[in-house]
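Okay, here's what each chain looks like letter by letter:
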Amino acid sequence: MSPSLLVIMDPVEGIKPYKDSTFAMLLEAQARGWSLAYAQQTALSQRDGRSLVHASELEVRDQDSGWFTLGETRTRPIDSFPLVLMRKDPPFDIDYVYTTYLLDQPAAAGSLVVNHPAALRNANEKLAATRFPQFCPPVLVSCDANELNGFIEEQGDAILKPLEGMGGTSVFRVRPHDPNRSVIIETLTHHGKHLIMAQRFVPEISQGDKRILVIDGEPVPWALARIPAEGETRGNLAAGGKGTGVSLSDRDREIVAGVTPMLRDMGILFAGLDVIGDYLTEINVTSPTCIRELDRLYSLNIAGTLFDRIEQILAV
């Protein structure tokens, strides 16, 4: 009987197969003989302390149309799956948090949840990087307009962003004389009610925001440098950035080595570090991307490396 995995993700019909990292993982698992079950976050429940999922059988094909087929849908205990891929994209909202609570039970019962649900809660993708101030640009987390304005004045050029988003959503570059500075702060903080992050602007963004993929503490030797489109500050591919491959620098490897103990301690098997110039800006743990782009550029099989490690862990 083939081993089975459960993938929790956004609607499979809405992905872009040629660039979707979750899709790369599913293709690799299927090629290795795993049977696939698919569910969205809303299909999870819990009864008498045991977490359940209403999941559909899934087959995938590496093509740009007709890339999936759904089969029988039935309700199963999540702990009946030896492997759970939690790949729901942000926003990291309260429903996401509740989902991680439901995944605590199968994780405690012996299912391998990638990444561990407690790590998903505790390693906020923006805030986790601040655990390593030696690698970060100057940074402030606050909802206070006076503090944020003071930081902008002090740094002269800053990036402001929400703590729960992804893909460059609601990321602003703000300078002291920006006429929209006050309204940007008001909007992002919801008039002082929500914490946001301010980072000193790193001009090396023009050379790309590097995504470094890390599998159980070991980095892929090449990163995808996401270069902003003309007139843009954000390098995110979702914001129109262009991806180009680069070899890891000595500084990149120093950052990975510094972050690795935390990743391993928290059960973060697959992470994506964002590095601009010499600075760590984010540690992505919810649904890191760029597998397919790097695979194409360097003839890699990053999902294969990930599943090698997953299968080693499950064999113990």
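Scoring rules and cut-offs
- Residues numbered from 1 in each chain as written.
- Predicted model: local features only at pLDDT ≥ 70, side-chain atom pairs only at ≥ 80, totals over all residues.
- Heavy atoms only, no water.
- Pairing = 2+ DSSP bridges.
- Helix = DSSP H or I, 4+ residues; strand = E, 2+ residues; numbered from the N terminus.
- Axes fitted to C-alpha atoms, helices over the stretch in contact; angles between N-to-C directions.
- Contact = heavy atoms within 4.5 Å.
- Salt bridge = Lys/Arg side-chain N within 4 Å of Asp/Glu carboxyl O.
- Buried < 20%, exposed > 50% of the residue type's maximum accessible area, 1.4 Å probe, protein only.

A. Highlighting the sheet that holds strand β11 (residues 196–200). Read across the open sheet, the 4 strands follow the order β8-β11-β9-β10; overall the sheet is antiparallel. Where the open sheet ends on each side, the last strands, each with one partner, are β8 (139–142) and β10 (172–174). If you compare each strand with its neighbour and ignore which way they point, the axes differ by 25 degrees on average. Strand direction decides the pairing type here: strand β9 (residues 158–162) and β10, joined by 3 bridges, are antiparallel. Note that in β10 the partner of L160 across the bridge is F172. Taken strand by strand, helix α5 (residues 181–189) contacts β9, β10 and β11, and its axis lies near 30 degrees from that of β9.

B. A look at the pattern of salt bridges. Applying the stated criterion across every chain, the model contains 20 salt bridges. Taking the shortest distance from any N to any O, the salt bridge between K126 and E282 comes out at 3.8 Å. Of this pair, K126 sits in the loop between α3 (117–122) and β8 while E282 sits in strand β17 (residues 279–284), placing them 156 residues apart in sequence. In this pair, the class of K126 matches that of E282, namely buried. Each of E28, R32, D308 and E311 takes part in one network of salt bridges that share partners.

Interpretation note: all reported values are geometric properties and have no functional meaning in isolation.
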